[in-house]
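Listed here are the chains, written in short residue letters.
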Amino acid sequence: MGQKGNKTDGLEIFHSAPVPEAVIKNAVPSMAAMLMVLVYNLADTFFIGQTHDALQMSAVSLATPAFLLLMSLGQVFGIGGMSVIARAMGEGRQDYARQVCAFCMWACIVTGVVSGGAVLFFMDDLLHWLGASPDTFDMARSYLAIVFSGCPLGLISVCYGNIIRAEGQANMAMAGQVIGNALNIILDPVFILYLDMNVAGAAIATLIGNFVAAAYYVGYFLCGKSLLSIHPRDVSLRNGIPAAVFSIGVPAALGSVCMSFSQIVANARLAAYNDMALAGYGVAAKVNMVTSVVCIGLGQGVQPLLGYCLGARLKDRFRRILRFSFVSGLLLSIVLTALCYVFTGPLVRVFITDPDAFGYGTTFVRIMLTTSCLFGAYYVLLSTLQAVDAATEALVLNLSRQGFIFLPALFLLEHLIGITGIVWAQPAADLLSLLLAAVLAAHRLRKLEIEFL
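Residues numbered from 1 in each chain as written. Predicted model: local features only at pLDDT ≥ 70, side-chain atom pairs only at ≥ 80, totals over all residues. Heavy atoms only, no water.

Enquirer: Help me out: how do you make sense of helix H17 (residues 406–417) in this one?
Expert: Every α-helical turn comprises 3.6 residues, leaving residues that sit three or four positions apart pointing alike. Relative to the 16 Å expected for twelve residues at 1.5 Å per residue, H17 spans 16 Å between its end C-alpha atoms, a close match to the ideal helical length. For H17, every residue scored as buried is listed here: Phe 406, Leu 407, Ala 409, Leu 410 and Glu 414. For H17, the angular spread of buried residues about the axis comes to 155°, placing them on one side. More than 90 degrees from the buried face of H17, the exposed residues found are His 415 and Leu 416. Residues of H17 that are buried make contact with helix H10 (241–271), helix H16 (391–404) and helix H18 (419–447). (Helix = DSSP H or I, 4+ residues; strand = E, 2+ residues; numbered from the N terminus. Expected span 1.5 Å × (residues − 1). Buried < 20%, exposed > 50% of the residue type's maximum accessible area, 1.4 Å probe, protein only. Arc of directions from axis to C-beta. Contact = heavy atoms within 4.5 Å.)

Here you go:
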């Protein structure tokens, strides 16, 4: 086929491929990309762990919530833009989709410059708020200063790793994320260990990886491979484009913001006990990501497929895709959880050598794994709400899991059972949030006259 045919191949998969094939072709690249994100996160933790300095591990744990805030800004335009573009493609509104895509690019650049500058200006106040101690302050400051100096690059890499999937180009979206993260992983040992730059080296590797990923996505559009556009002439603030993007993107980003804030609170409570508990919690969160990132990838891969079907009024196909994805996600998360539980000790030992920190890490991992088997079902339902433009429901769900449910559970359980109660708050929030997601999704789909499961 010619170039035009190649551009529309993804949309043909959306419209007419057998359901298992359509889900697999869109979800597997997304899951692979998210696994690469996990490997990058684990590599950062692993190579910093090779310094045998638990304080550096604590510094990275403290800086992680701020890094997640940066990623959440990219999600505003990535998840929001993907949802709007997928539905527009299903409706045959390609010019509108091009305008949305261009708006997201330039919004990322402006937002990145403003937010990055603000973080650098208020860095010391931010670190005090994050709970940095005198022993970890300078290391955390170095990490954040380097990462946020390239804020627009990070936003573009996150945003377009999502948006490109809206035109059915899941492999292209995956390639950018894999290239950026693979380079990051390769550079980690060079900067952290060989050049003895420690935490700052991890930040430099992240900055370079973001630059390469952003350059890949810009090159993808400039080479004419896309049905969409990032050209300034296609940017438009009319036809409700900003509101449409923000209505889905902001709730999605608020989920990450709440996650960052809740992690800040949990870190502060754990740091009040000791730094080894904080280090153990940071590693436990990384291990728990094995299941969560794969399931997030499944949800993000399925979301544009569902959005396209809704826009094209393919309700029966929508229902069959949702059923297949829900069952597949649940089975996948059960298998991954079982593997993590069996290999908890070796996984934690890869990152922590201090005996006290290792003890905390293994205990905390096993607590978190009690509900990670539900992640597949949860993230498919969340992505369904985002795909059908259920902005209010998505907002409620995102604010609840890491906010309205998690924080009260944290303080209540800490009061009742002490330090492990801080960790048990997450499984409690996971279970209640899945029940809430099922209720909200069923309610919205009834309004759309689509049978739920």
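Enquirer: Honestly, the nonpolar core in this entry has me stumped. Any pointers?
Expert: Generally speaking, nonpolar side chains in soluble globular proteins are found buried as a group. Membership of the largest hydrophobic core comes to 146 residues, with the highest contact counts inside it found for Phe 77, Ile 85, Cys 104, Tyr 160 and Phe 318. The residues touching Tyr 160, leaving out its near neighbours within four places in the chain, are Cys 101, Cys 104, Met 105, Tyr 217, Phe 221 and Ile 230. (Core = buried A, V, L, I, M, F, W, Y, C linked by side-chain atoms within 4.5 Å.)

Enquirer: Would you mind showing me how to read a nonpolar patch on the surface here?
Expert: Residues Val 190, Tyr 194, Leu 195 and Met 197 make up a contiguous nonpolar surface patch of about 400 Å² in total accessible area. By secondary structure assignment, the location of Leu 195 is in the loop between helix H8 (170–194) and helix H9 (198–222). Relative accessible area serves as the criterion here: at 42%, Leu 195 is assigned to the partly exposed category. (Patch = residues over 30% accessible without salt bridge, like charges linked within 9 Å, V, L, I, M, F, W, Y side chains within 5 Å. Areas by Shrake-Rupley, 256 points an atom, 1.4 Å probe, with all protein chains shown as cover. Salt bridge = Lys/Arg side-chain N within 4 Å of Asp/Glu carboxyl O.)

Enquirer: Could you clarify how one ought to interpret the packing of helix H11 (residues 275–311) against helix H12 (residues 315–342) in this entry?
Expert: When two helices pack together, their arrangement is captured by the angle between the axes and the distance separating the axes. As a packed pair, H11 and H12 sit with axes 10 Å apart at the nearest point and diverge in direction by 175°. Judged by the angle between their axes, H11 and H12 are roughly antiparallel. The segment H11 lies against H12, with Val 287, Val 290, Thr 291, Val 294, Cys 295, Leu 298, Val 302, Leu 305, Leu 306, Cys 309 and Leu 310 engaging Arg 317, Phe 318, Ile 321, Leu 322, Ser 325, Gly 329, Leu 332, Ser 333, Leu 336, Thr 337 and Cys 340. Along the lines of polarity and charge, the residues of the contact of H11 with H12 split into 16 nonpolar, five polar and one charged. (Axes fitted to C-alpha atoms, helices over the stretch in contact; angles between N-to-C directions. Parallel < 35°, antiparallel > 145°, perpendicular 65-115°, else oblique. Nonpolar A, V, L, I, M, F, W, Y, C, P; charged D, E, K, R; others polar.)

Enquirer: Help me out: how do you make sense of H8 in this one?
Expert: The terminal C-alpha atoms of H8 lie 36 Å apart, and with 25 residues this matches the ideal 36 Å at 1.5 Å per residue to within 8%. Residue Leu 187 marks the point of greatest curvature in H8, where the axis turns by about 35°; the proline Pro 189 follows within four residues. Of all the positions in H8, only Ala 170, Ala 173, Gly 176, Gln 177, Gly 180, Asn 181, Asn 184, Ile 185, Leu 187, Asp 188, Phe 191 and Ile 192 are classed as buried. Looking at the residues trailing H8, positive phi occurs at Asp 196, about 55°. (Bend = angle between axes of the 7 residues up to and from the residue.)

Enquirer: Explain the packing of H10 against H17 here, please?
Expert: In the contact formed by H10 and H17, the axes pass within 10 Å of each other and the chain directions differ by 15°. Taken as axis vectors, H10 and H17 run roughly parallel relative to one another. By crossing handedness, the relation of H10 to H17 is classed as right-handed. On the side of H10, the interface is formed by Phe 261, Ser 262, Val 265, Ala 266 and Arg 269, while H17 contributes Phe 406, Leu 407, Leu 410, Phe 411 and Glu 414. Per-class residue counts for the contact of H10 with H17 are seven nonpolar, one polar and two charged. (Left-handed = near helix turned anticlockwise from the far one by under 90°.)

Enquirer: Any chance you could explain the pattern of salt bridges here in plain terms?
Expert: Side chains that carry opposite charge are capable of pairing whenever their charged atoms lie near each other. Counted by the stated rule, this structure contains nine salt bridges. One salt bridge connects Asp 316 with Arg 319, and the closest N-O pair in it is separated by 2.4 Å. A residue pair is termed a helical-turn pair when its members lie 3 or 4 positions apart in one helix, as Asp 316 and Arg 319 do in helix H12 at three residues. Across the pair Arg 401 and Asp 430 runs a salt bridge whose closest N-O atoms are separated by 2.8 Å. In this pair, Arg 401 is assigned in helix H16 and Asp 430 in helix H18, connecting sequence segments 29 residues apart. A residue is classified by how much of its surface remains accessible, and Asp 430, at 3% relative accessible area, is buried. One network of salt bridges, with partners in common, ties together Asp 316, Arg 319 and Arg 320.

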